[in-house]
Amino acid sequence: MQDSYLDATGVKGSDEPVIRRWITIGRPAAELHRLWRQPATLPLVMGHFADIEVLSDTESRWRVAGPLGKKFDWQSRIVDEAEGQFILWRTLEGADMPNEGRLSFAPAPGNKGTELTLEVRFDPPGGALGEKLTSMFDLVPKETLGKALRRFKSLAETGEIPLLAPLPAAGDRNEKEA
């Protein structure tokens with residue numbers, strides 16, 4: 001990865017693509033910042049994409065299944081933050097997929113809560129696998145980040161993330177009734 005592109009003021013510039021998604025949540029920025037930083041939140045919000053182990057207040061380990069059965073692991077660290085304004089993170093040395101990101105909190109138009117903007121830059125490895133990953137991340141992360149923000153919105157506004165898959169007990173009951 002080149003020099004960091006994300007800082008407290010925004011994008012500095014880089015050759016790697018930046019994926020950006022945003023959502024409006026009907027809660028104050030400081031409250032959303034505290035919720036995001038709770039240890040249980042990240043695994044809940046990003047669980048559809050990665051297995052996440054929270055290691056400390058600022059570090060987490062990520063495991064992601066990639067194409068061709070390849071697994072990618074990295075450790076990420078929060079490198080800067082300001083409550084209710086932003087959170088910046090970056091992967092540590094030795095990451096299978098170096099990346100960095102920024103979560104920004106801003107007042108939503110019309111005084112309707114907070115607009116969250118999630119920006120991530122991935123630096124996939126080279127070779128054929130890197131090309132495959134780049135194409136995968138051109139298609140998937142936009143939806144992945146959007147889904148993560150929708151899951152976070154649901155958690156912030158309702159206290160839970162809805163399940164879209166039928167519950168196992170419901171499947172058993174339907175089979176018994178049939």
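All values derive from a computational prediction rather than experimental measurement.

(A) Structural view of the overall build of the protein. Tallying secondary structure elements over the protein gives 4 helices and 9 strands in all. Tracing the protein from N to C terminus, the helices and strands come up as β-β-β-α-α-β-β-β-β-β-β-α-α. Expressed as a percentage of the 178 residues in the protein, the buried residues total 40%. Pairs at least 24 residues apart make up 51% of the contacts formed inside the protein by residues separated by at least 6 positions. With an accessible surface of roughly 10,000 Å², the protein has 52% of that area assigned to carbon and sulfur atoms.

(B) Broad picture of the confidence of the model for the protein. Looking at the protein as a whole, the pLDDT averages 82, with 72% of positions reaching at least 70. Note that residues 1-5 has pLDDT below 50 and, in this model, 24 contacts with residues that lie over four places away or in other chains. Per-residue pLDDT stays below 50 along residues 7-13; that stretch engages in 17 contacts with residues further than four places along the chain or on separate chains.

(C) A look at the layout of surface pockets. Taken as a whole, the largest pocket holds about 440 Å³ of empty space. Looking at the largest pocket, it is lined by 28 residues, and the ones nearest its centre are W36, L42, S60, W62 and W89. If you list the elements that add at least two residues to the lining of the largest pocket, you get helix 1 (29-37), helix 2 (41-46), strand 5 (59-65), strand 6 (71-82), strand 7 (86-91), strand 9 (114-122) and helix 3 (127-158). When its residues are assigned to classes, the lining of the largest pocket shows 17 nonpolar, 7 polar and 4 charged.

Parameters and conventions
Residues numbered from 1 in each chain as written. Predicted model: local features only at pLDDT ≥ 70, side-chain atom pairs only at ≥ 80, totals over all residues. Heavy atoms only, no water. Helix = DSSP H or I, 4+ residues; strand = E, 2+ residues; numbered from the N terminus. Buried < 20%, exposed > 50% of the residue type's maximum accessible area, 1.4 Å probe, protein only. Contact = heavy atoms within 4.5 Å. Areas by Shrake-Rupley, 256 points an atom, 1.4 Å probe, with all protein chains shown as cover. pLDDT = per-residue confidence, 0-100. 1 Å grid on protein atoms, 1.4 Å probe; cavity = no way out; pocket = protein on both sides within 12 Å on 5 of 7 lines; lining within 4 Å. Points joined across faces, edges and corners; volume = space filled by probe spheres on them. Nonpolar A, V, L, I, M, F, W, Y, C, P; charged D, E, K, R; others polar.

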